[in-house]
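Residues per chain, in single letters:
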Amino acid sequence: MEELQRLSIEELAELQVTSVSRRPESLADAPASIFVITGRDIRRSGARSLPEALRLAPNLMVQQVDSRSWSVTARGFSGYETANKLLVLIDGRSIYTTLHSGVFWELHEPRLDDIERIEVVSGPGWTLYGPNAVNGVVNIITRNARDTVGGSARVRFGGAHNSFALRYGDSLGEDDAWRVYVRGFDRAALGTEDGNSARDGWKGVQAGFRADIGSGGDEITLQGDIFHNDYDNVFGVDGDNRGHNLLARWIHPTSDASTLELQAYYDRFERDVLLTHDRLETFDVEAQHNITQGVHEIVWGAGGRITRDAFINNLNEFKLDPVRRRLWMANLFAQDRVTITPTLSATLGLKVERTNFTGIELLPNVRLAWQPRDGALLWLAFSRAVRTPSRIDRDLQATFVIGGQDVQFLAPAKNFRPESLTAVEAGYRRRFGTRGSINVSAYYHRYDDLRTTALSPQGGLPIRLENGMAGRSFGLEAWGNAELAPWWQVSAGINLIDKKFHLKPGRNDLAAMGSTGNDPDSQFSLRSQFNPTSKVDLDLIFRVVDDLPEPRIKGYAELDARLAWRAHPRIELAVSGHNLLHARHLENGHVERAYVRRTIQFEARFGF
Amino acid sequence: MIASPLWSGLPMTLAVGIGLIAGPARSAAPPLVSAIKATYLVKFGSYVTWPSIAENAPFAVCVVGDPVLSDVVESAAKGQQVAGHPVSVRRLDAIKPQDECQIVYLAGGQGQSVIAALQALEGAPVLTVTDGPHAPARGTLHFDVRGGRVRFHVDSLRAEKSKLIISSKLLALAVSVRGRSR
């Protein structure tokens, strides 16, 4: 309420009362570990892609694998194939893949200037988020079309990355608006161990639109994207990716205190990598009802998703059986946030999930939030989450022909169970007027049924994937920001984790517990934002990441910097540098990793 | 509501266990739309000129026929002042000019219909505010949620009859102004 009082009457008239965020309460009193990356943070950091923007979240672990591939995760499990416990959404559309439960970041290149904010939740997402919200949820929200009326173009050029991004939007009648955008880029190859090119350069194009139409409190959003990118490959075989999606959302307030929300989307992509072809089509429908009644804030709803995929492997013998498959997932959820006293609330939530790979999973979520004083919040949470088996978990098999005989090397794990997580978390958040804030969260995660690669019960071939590992991790995530002067803001973040996993009795793992990922014990970042004049921005972002244990990759410290000058109300020129401290460094232990290079970029942005 | 026994069973048993049911009704954070309307009602005071208010009198915002919104306006008005007068909020079932309210929000309903209220306040120096697509008549200001935002219409003919001067800033923010070509 005080926040609203402080707004000017013009700002009050601009407030959006309908939003894609699934929670009814504002972020300030959300009982979870959430970091919000604002659109302004993204622009000022000079980030050139979504994973680069995600480096700004202290509660995420981001590793660049090569020019196209990234590992992004929260609370451990870093690795190109092991980062499979994160749910990532773009405007409500889920972008993790049923092939391996991870995200192909190279398929998603929206215009970063059109991002309103990214909410990064570490820990099992609330009840309200869909499947795969195990270690965290990344919710990417683009700007309402009404906020992007007019034209904007951004051009970048420099050593490793040349791109242009163009957007044009206009209003539709008195209240509605639409926009279209197109983005093209060309990214240079990174380097290998011996200093040669990793030959992983790539280029691509993405275009899309968004329309926001409202009347009498109803709000309809229609959006879609289409993309195509192609790349060289170290074996000389080119590859390419393409895809498109369409999403429609309708928000209908049934009274001042209750809202109905309906969303449906279709998404399709195809990847051609080396001699493999991977294709996924998703059709998803969700409904949600928010209602406030007395002391209760209730959200409940349901969702259903059908996916059709194919993975055709002409490169080696590791194939999916069946090659093509249709999967479905359904969930039902309900959550009630009860205000017990004006300063204490309890949230009780339950999600019920069923897929054709699992039986009924009950995923409860209990949270307590206490405001000991104005601007402070103490919270506690208990929750359970599961990772639905992916196609690789269940259907991957390999048969080799040796001496004229078929020898099964890997048998499919038709009984592979969902990996599960039980989490206890607590946190403290405090705002110091407008001068600063701090946020601390601690967590204890118990995992069960983690993936192992075992010998057959007879001790030989065929090997198979099993749920042979369990264990725990605990850690601390803390961040804060302070306004040291009206022209100088500083923020810092720290992320600590301790992992201890073990094989269950009688089990073996040929992957040597590799599916727990390769994580640094600690990560630290410091960001300084200067505004020496109202037309000049200077940003310095310093990060330190500890060593990775297995395979051993040395830790590193790096600095990104950006200097921008608004030469004219419609023109901004900037120069930015990424990874300035060393000519090159490694971030990830994947077999095909490349060295991340120092780069300098020039940018120009025009409004028209 | 979902009829499944799972949903109806769980929160009830937990609620009884923690003793939540016995407590008096307390409100959760108000829905955003109500909070915005309440904040507007208090802020309107600074963009309209009334004929003089008695020196020690509070600036009165009266909410007719909506006790829930009245509570929200009370928290919006906490510590606020208009033209040097502290803002006070009154909850009424029906309004007459003698009630000496500067701003009146008319919800209609059992106590007094919107039309009756507007008639009673005809010509009085009161800023009448109505709300919603189903209101039978509009006051000087009328709330309208459109384009995902809470906006309002201005009736400047009614404002003139009430001898109120509406600032150009408020007129600029309005979705429409009746009685003036835009």
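Being a predicted model, the structure only gives us computed values, none of them experimental.

A few words on the side chain of A:Arg48. Structurally, the position occupied by A:Arg48 is in the loop between helix H3 (39-45) and helix H4 (50-54). Setting aside residues up to four positions removed in sequence, A:Arg48 forms contacts with A:Glu109, A:Leu112, A:Arg156, A:His161, A:Arg183, A:Arg187, A:His578, A:Thr599 and A:Gln601.

This paragraph deals with the side chain of A:Ser390. Residues and elements named next belong to chain A. With respect to the helices and strands, Ser-390 occurs in the loop between strand E21 (376-387) and helix H5 (391-395). Judged by its relative accessible area of 1%, Ser-390 is buried. Setting aside residues up to four positions removed in sequence, Ser-390 forms contacts with Thr-98, Leu-99, His-100, Ser-101 and Phe-357.

Right, let's get into the nonpolar core. Residues B:Tyr40, B:Phe44 and B:Phe152 are the most contacted members of the largest nonpolar core, which totals 44 residues. A total of 8 residues in this core trace back to one element, the largest contributor, which is helix H2 (residues 32-44) of chain B. Of all hydrophobic cores here, the second largest spans 39 residues; its members include A:Leu60, A:Leu89, A:Val103 and A:Tyr129.

Whether parallel or antiparallel, the strands of a sheet pair through hydrogen bonds between backbone atoms. All names here are of chain A. Strand order across the open sheet formed by 5 strands is E1-E6-E7-E4-E5, with mixed pairing between neighbours. Bordering the open sheet on either side are strand E1 (33-38) and strand E5 (93-94), each of which pairs with just one other strand. Pairing analysis gives 6 bridges linking E1 to strand E6 (residues 115-122), with the strands arranged antiparallel. Within the sheet, the bridge partner assigned to Val-36 lies in E6 and is Glu-119.

On to the pattern of salt bridges. Residues and elements named next belong to chain A. Inspection of the entire model under this criterion finds 67 salt bridges over all chains. As a salt-bridge pair, Arg-210 and Asp-91 come within 3.7 Å of each other at their nearest N and O atoms. Placement of the pair is Arg-210 in strand E11 (residues 202-215) and Asp-91 in the loop between strand E4 (86-90) and E5, with a sequence separation of 119 residues. You'll find Arg-210 and Asp-91 in the same group, each marked buried. Put simply, Arg-111 and Asp-113 hold a salt bridge, and the shortest N to O gap is 4.0 Å. For the pair Arg-111 and Asp-113, a shared accessibility class is recorded, and that class is buried.

With that settled, the discussion passes to the state of the cysteines. Two cysteines joined by a covalent bond between their sulfur atoms form a disulfide. Residue and element names in this part refer to chain B. As enumerated under the stated definition, the model contains 1 disulfide over all chains in all. Covalently, Cys-62 is tied to Cys-101 through a disulfide, its sulfur atoms 1.9 Å apart. Negative torsions about the S-S bond denote left-handed disulfides, and the value of about -85° found for Cys-62 with Cys-101 makes this one left-handed. One end of the pair, Cys-62, is in strand E2 (residues 59-64); the other, Cys-101, is in the loop between strand E4 (85-92) and strand E5 (103-106), with 39 residues separating them in the sequence. When sorted by exposure, Cys-62 lands in the same class as Cys-101, which is buried.

In the structure shown here, the tally under the stated rule is 20 aromatic pairs over all chains. When the centroid spacing of 5.9 Å and the interplanar angle of 65° are considered together, the rings of A:Phe77 and A:Phe501 count as edge-to-face. One end of the pair, A:Phe77, is in the loop between strand E3 (70-73) and E4; the other, A:Phe501, is in strand E27 (residues 488-503), and 424 residues separate them in sequence. By relative accessible area, A:Phe77 is classed as buried at 2%. Aromatic side chains A:Trp488 and A:Phe530 sit 5.5 Å apart centroid to centroid with 15° between the ring planes, which places their arrangement in the stacked category. Within this pair, whereas A:Trp488 is found in strand E27, its partner A:Phe530 is found in strand E28 (residues 522-533), the two being separated by 42 residues in sequence. Through a chain of ring-to-ring contacts, three or more aromatic side chains come together here, namely B:Tyr40, B:Phe44, B:Tyr105, B:Phe143 and B:Phe152. A cation over a ring is seen here: A:Arg187 above A:Phe185, with NZ or CZ 4.6 Å from the ring centre. Positioned over the ring face of A:Tyr595 is A:Arg584, at 3.7 Å from the centre of the ring.

What follows deals with the confidence of the model for chain B. All names here are of chain B. The predicted model of chain B has a mean per-residue pLDDT of 78, with 81% of residues at 70 or higher. Ranking the elements of chain B by mean pLDDT puts helix H1 (residues 5-17) last with 29 and E5 first with 94. Low pLDDT (under 50) marks residues 1-27, which in the prediction has 25 contacts with non-local residues, meaning those over four places away or in another chain. In the predicted assembly, ipTM is 0.77 and pTM is 0.82.

Geometrically, the link from A:Asp321 to A:Pro322 is a cis peptide bond, its omega value of 5° lying close to zero. Note that A:Pro322 resides in the loop between strand E17 (318-320) and strand E18 (324-341). The omega torsion across A:Leu461 and A:Pro462 is -10°, close enough to zero to call that bond cis. Counting through the fold element by element, A:Pro462 comes out in the loop between strand E25 (436-454) and strand E26 (463-485). Although it is not a glycine, A:Ala512 adopts a positive phi angle of roughly 50°. Considering the arrangement of structural elements, one finds A:Ala512 in the loop between E27 and E28. A relative accessible area of 61% places A:Ala512 in the exposed class. With a phi angle near 60°, B:Lys163 is a residue other than glycine that sits in the positive phi range. Secondary-structure assignment places B:Lys163 in the loop between helix H5 (156-161) and strand E9 (165-166).

This part covers helix H3 (residues 67-77) of chain B. Residues and elements named next belong to chain B. Taken as a whole, H3 has its buried residues at Leu-69, Ser-70, Val-72, Val-73, Ala-76 and Ala-77. The buried residues of H3 all sit within an arc of 165° when viewed along its axis, so they share a single face. The first or second residue beyond H3 is Gly-79, which carries a positive phi of 70°.

Turning to a nonpolar patch on the surface, a few remarks are in order. Residues and elements named next belong to chain A. On the surface, Val-155, Phe-157, Phe-164, Leu-166, Tyr-168, Val-180, Leu-563, Val-575, Ile-600, Phe-602, Phe-606 and Phe-608 cluster together into a nonpolar patch covering about 1000 Å² of accessible area. Contributing elements (two or more residues each) for the nonpolar patch: strand E8 (150-158), strand E9 (161-172) and strand E34 (599-607). Tracing the backbone shows Phe-608 in the segment after E34.

Thresholds, definitions, all that
- Residues numbered from 1 in each chain as written.
- Chains lettered and ligands numbered in written order.
- Predicted model: local features only at pLDDT ≥ 70, side-chain atom pairs only at ≥ 80, totals over all residues.
- Heavy atoms only, no water.
- Helix = DSSP H or I, 4+ residues; strand = E, 2+ residues; numbered from the N terminus.
- Contact = heavy atoms within 4.5 Å.
- Buried < 20%, exposed > 50% of the residue type's maximum accessible area, 1.4 Å probe, protein only.
- Core = buried A, V, L, I, M, F, W, Y, C linked by side-chain atoms within 4.5 Å.
- Pairing = 2+ DSSP bridges.
- Salt bridge = Lys/Arg side-chain N within 4 Å of Asp/Glu carboxyl O.
- Disulfide = S-S within 2.5 Å.
- Phe/Tyr/Trp six-rings, centres within 6.5 Å; stacked < 30°, edge-to-face > 60°.
- Lys NZ or Arg CZ within 6 Å of the ring centre and 35° of its normal.
- pLDDT = per-residue confidence, 0-100.
- Arc of directions from axis to C-beta.
- Patch = residues over 30% accessible without salt bridge, like charges linked within 9 Å, V, L, I, M, F, W, Y side chains within 5 Å.
- Areas by Shrake-Rupley, 256 points an atom, 1.4 Å probe, with all protein chains shown as cover.

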